[in-house]
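Residues per chain are reported as follows:
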Amino acid sequence: MVVYEIFIRSFRNSSGDGIGDLRGIIQALDHIQSVGADAVWLTPIFPSPSFHGYDPTDLFSVNPVYGSVQDLKELAGELHSRSMKLILDLPLHHTSVLHPWFSERPELYIWASPQDDLNERRPWDGGFVWHRDPRGHYRGFFGPCTADLNYENPKVLKEAKKVIEFWKGMGVDGFRVDAAKHFFKDHGRNVELLRELGFGDESVLEVWDEPEVVGSYAEVSGVFNFSVWGALKASIAERSPQHLYHALIKTSSLLKRLWHFLSSHDTSRICSEIGEEGALFALSVISTLPGNLVVYYGDEICMKGIYDPHHPEDVSDPFPWCESMCCRGTALWKSPRHNLPHSGSSLQRRGEFLERFKEIIRVRKERGFCEGEIEELEMRGRILRYEIKGVEVIQDFSSLKTEMRRG
Ligand code: ACG
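Residues numbered from 1 in each chain as written. Predicted model: local features only at pLDDT ≥ 70, side-chain atom pairs only at ≥ 80, totals over all residues. Heavy atoms only, no water.

A. Summary view of the overall build of the protein. Across its full length, the protein carries 12 helices and 16 strands. For 407 residues, the compact-globule estimate of 2.2 N^0.38 gives 22 Å, and the C-alpha radius of gyration of the protein, at 21 Å, lies within 12% of that figure. Overall size of the protein, expressed as C-alpha extent along the three principal axes, is 65 × 45 × 35 Å. Per-residue burial for the protein yields a buried fraction of 58% across its 407 residues. Intrachain contacts of the protein at a sequence separation of at least 6 include 64% that bridge at least 24 residues. Within the protein, the 59 negative side-chain charges are centred at a point lying 2 Å from the centre of the 47 positive side-chain charges. (Helix = DSSP H or I, 4+ residues; strand = E, 2+ residues; numbered from the N terminus. Rg over C-alpha atoms; globule rule 2.2 N^0.38 Å. Buried < 20%, exposed > 50% of the residue type's maximum accessible area, 1.4 Å probe, protein only. Contact = heavy atoms within 4.5 Å. Lys, Arg positive; Asp, Glu negative; His and termini not counted. Charge placed at Lys NZ, Arg CZ, Asp CG, Glu CD.)

B. How the structure looks around the sheet that holds strand E16 (residues 401–406). Spatially, E13-E14-E15-E16 is the arrangement adopted by the 4 strands of the open sheet, whose pairing is antiparallel. A strand with exactly one partner marks an edge of an open sheet, and here the two such strands are strand E13 (375–380) and E16. Along the sheet, successive strands turn relative to each other by an average axial angle of 15 degrees, direction set aside. With respect to the sheet, helix H10 (residues 242–251) is in contact with E13 and strand E14 (383–388), its orientation differing from that of E13 by roughly 155 degrees. (Pairing = 2+ DSSP bridges. Axes fitted to C-alpha atoms, helices over the stretch in contact; angles between N-to-C directions.)

C. Region of the structure containing the packing of aromatic side chains. Overall, the coordinates contain 31 aromatic pairs when judged by the stated rule. Ring centres of Trp208 and Trp229 lie 6.1 Å apart, and the angle between their planes is 80 degrees; on these two criteria the pair is classed as edge-to-face. Residue Trp208 is found in the loop between strand E9 (204–205) and helix H8 (211–217), and its partner Trp229 is found in helix H9 (residues 226–238); the two are separated by 21 residues along the sequence. Residue class for Trp208 comes out partly exposed when judged on its relative accessible area of 36%. Residue Trp229 is classed as buried on the basis of its relative accessible area of 12%. Each ring, one from Phe319 and one from Trp321, has its centre 4.3 Å from the other, and the planes form 50 degrees; the classification is tilted. The exposure classification of Phe319 matches that of Trp321, with both residues buried. The ring of Trp333 is capped by Arg9, whose NZ or CZ atom sits 5.5 Å from the centre of that ring. (Phe/Tyr/Trp six-rings, centres within 6.5 Å; stacked < 30°, edge-to-face > 60°. Lys NZ or Arg CZ within 6 Å of the ring centre and 35° of its normal.)

D. Broad picture of the state of the cysteines. Following the criterion strictly, the structure yields 2 disulfides and no others. With a sulfur-sulfur separation of 2.1 Å, Cys271 is cross-linked through a disulfide to Cys302. Torsion about the S-S bond of the Cys271 and Cys302 cystine: about -110 degrees, corresponding to left-handed handedness. Of the two residues, Cys271 is situated in helix H11 (residues 270–286) and Cys302 in the loop between strand E12 (292–296) and helix H12 (351–367); the sequence distance between them amounts to 31 residues. (Disulfide = S-S within 2.5 Å.)

E. Looking closely at the site of the ligand. Near the ligand there are 18 residues, and of these Asp178, His182, Glu206, Glu210 and Asp266 occur at the shortest range. In this structure, an oxygen atom belonging to the ligand sits 2.6 Å away from a side-chain N or O atom of Glu206. Between an oxygen atom of the ligand and a side-chain N or O atom of Asp266, the distance comes to 2.5 Å. The protein chains hide 74% of the 920 Å² of surface that the ligand would expose on its own. For the shell around the ligand, the class distribution of residues is 6 nonpolar, 5 polar and 7 charged. (Near = heavy atom within 4 Å. Polar contact = N/O pair within 3.5 Å; in protein donor to acceptor, adjacent residues only side chain to side chain. Areas by Shrake-Rupley, 256 points an atom, 1.4 Å probe, with all protein chains shown as cover. Nonpolar A, V, L, I, M, F, W, Y, C, P; charged D, E, K, R; others polar.)

F. View of H11. For H11, which comprises 17 residues, the first-to-last C-alpha distance of 13 Å sits more than 12% below the rise-based estimate of 24 Å (1.5 Å per residue). At Glu276, H11 shows its maximal kink, close to 100 degrees. Of all 17 residues in H11, 12 are buried, a share of seventy percent or more. Among the residues of H11, Ile270, Cys271, Ile274, Gly278, Ala279, Leu280, Phe281, Ala282, Leu283, Ser284, Val285 and Ile286 are the ones counted as buried. (Expected span 1.5 Å × (residues − 1). Bend = angle between axes of the 7 residues up to and from the residue.)

G. Just the pattern of salt bridges, in detail. Per the counting criterion, the structure on display carries 39 salt bridges. Between Asp38 and Lys365 there is a salt bridge, with the nearest N and O atoms lying 2.7 Å from each other. Of the two residues, Asp38 sits in the loop between helix H3 (29–35) and strand E2 (39–42) while Lys365 sits in helix H12, which places them 327 residues apart along the sequence. Residue Asp38 is classed as partly exposed on the basis of its relative accessible area, which comes to 22%. Overall, Lys365 belongs to the partly exposed group, its relative accessible area being 38%. Through salt bridges with shared partners, a single ionic network connects Glu378, Arg380, Arg385, Glu387, Glu392, Glu403 and Arg405. (Salt bridge = Lys/Arg side-chain N within 4 Å of Asp/Glu carboxyl O.)

H. Up close: H10. Leu244, Ala247, Leu248 and Thr251 are the residues of H10 that are buried. Along the axis of H10, the buried positions cluster into a sector of 100 degrees, meaning they face one direction only. Buried residues along H10 sit against H8, H9, strand E11 (258–261), H11, E13 and E14. (Arc of directions from axis to C-beta.)

I. Representation of the side chain of Asp133 within the structure. Following the sequence through the fold, Asp133 ends up in strand E5 (residues 130–133). Within the local environment of Asp133, its side chain forms a polar contact with the backbone nitrogen of Arg135, the two atoms lying 2.8 Å apart. Setting aside anything within four residues of it in sequence, one finds Asp133 in contact with Phe102, Trp111 and Tyr138.

Below, the structure written as C-alpha cells:
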C-alpha cells in the first residue's frame, strides 16, 4: 500500500476560511491518487485546542473547522469508490486537559501516588511528566496540556473500544495509533492492549524506537520503520551504504509489517535534509522494499521543512497549490515558513520533480515490491545490492542512482 499522510489543517481548504478541511481533501483526490496513493492517513481530525489536534477534547466528533462527521463519511465513500482506504490518526494515550472527562471523570486519568517521582522527565527532551492540579499531580507525558488515560481502569479500555467502533462505523478502514509504546511502561502490556483493541494489518502503530523494541509490536500490526528512515539518511549523507545495510539486516524479520517513510509531521522534510536528488534516491530505495510506503503530503513536490520542537508547524506549511498561494484551496492558516510564495516551490512549478517521484512509485506498484522479500543482500564498497521479486536492485551511494535488472 502507498499511504499519503495529510496534515489536514495545511492541505486544502474548501470553505474559504483558510483552514484545510475534509471537503478540501475530497476536492484533491485526483492529485492524491495521481501520486500513486492507495490510502490516506489524516492527522487528528477531532476537536482540540491545538493546531495539530494530538490533544483531543472529544474523540467522537470532528473539529468543526475541518467539517462534520458526515463530511468524513463522504470522504470515506469517495476513497472507497476509488478502491482507496481511509486511515485516521488516533491519539488514545491521552486527551487534552480541556476534555470534559478530565474535570468530570478524573478516575479515567493517571494521578501521582506517594511513591511516584514528581521530577520524572521525558527521556528524549527532559520535559516534566507530572503536573500540578488542585486534585493532585496528573501524568501528562507529552506536557501539561495533555493528561494520560489510565488503562489500568477497565472504563478507559471500554471507551477506547467505543471510539474505534464508532469511526469504523463511519467507514474508516484503519488507524495510525499515536504514542503506541507509552500506554504502559512495559512493552509487553502495550502489545497486549493493542491486540485487545483489535488493531491489525490495516493499521499502523507509532513506536519510535530501535528494532529490538519495535519487533514485539510488529506481531500485532504495522509499524513505522524509524530504523531504516534514520539509517538511509545517514547513508546518503555519508555516501556509504553501511548504515542502511545494517538497518535492513536488523529489520529483515519485520519487513512485511514495516511502513517506510521519508518525512512526517514530526520530522524535517527529506528535501530539506538531503536535497532533491537525495530525496528521489531515498524514495527509490524505500520503494524497492517490502511493506507499505508513506508519502508525507508535499514531499511529491519537494516541499521544504526543518523540524523545530518549539515550532513543529514549520514542517507542515500550507500545500502550495499555486505560486502566489492566493488561489482557491490554499490553506493559509499559517504563513509559509520554508515554501514561500513565488519561490518556485508550488505544484504549478514542480512538474518535473513530481513526474520523477510518480514514476518511482509506479514502478514499485507495477513490480509488486510491497509483497516481495529482500534476497541476496550484499554491500560492495559504495554499492548496495539485493534482489526482490526477481529484480536485481543496485543502489549506488556514490552517484545516488538506482539501477534495476530483471533477474
Ligand atoms: C507522537 C505524534 C506527535 C504528537 C505526540 C503526542 C506523539 O507523532 O506529533 O505530539 O500526541 C516521542 C514519542 C512519539 C511522539 C514523539 C513526538 N510522536 O514516542 O509518540 O515523541 C526518541 C524516543 C521516542 C520519541 C522521539 C522524539 O525514543 O519515543 O518520540 O525521540 O524525537 C533514534 C532512536 C529513537 C529516538 C530517535 C530520536 O531513532 O531509535 O528511540 O526517538 O533516535 O532521538 C504532538 C505535537 C507536539 C506536542 C504534543 C502534545 O507534535 O509538538 O508537544 O502533541
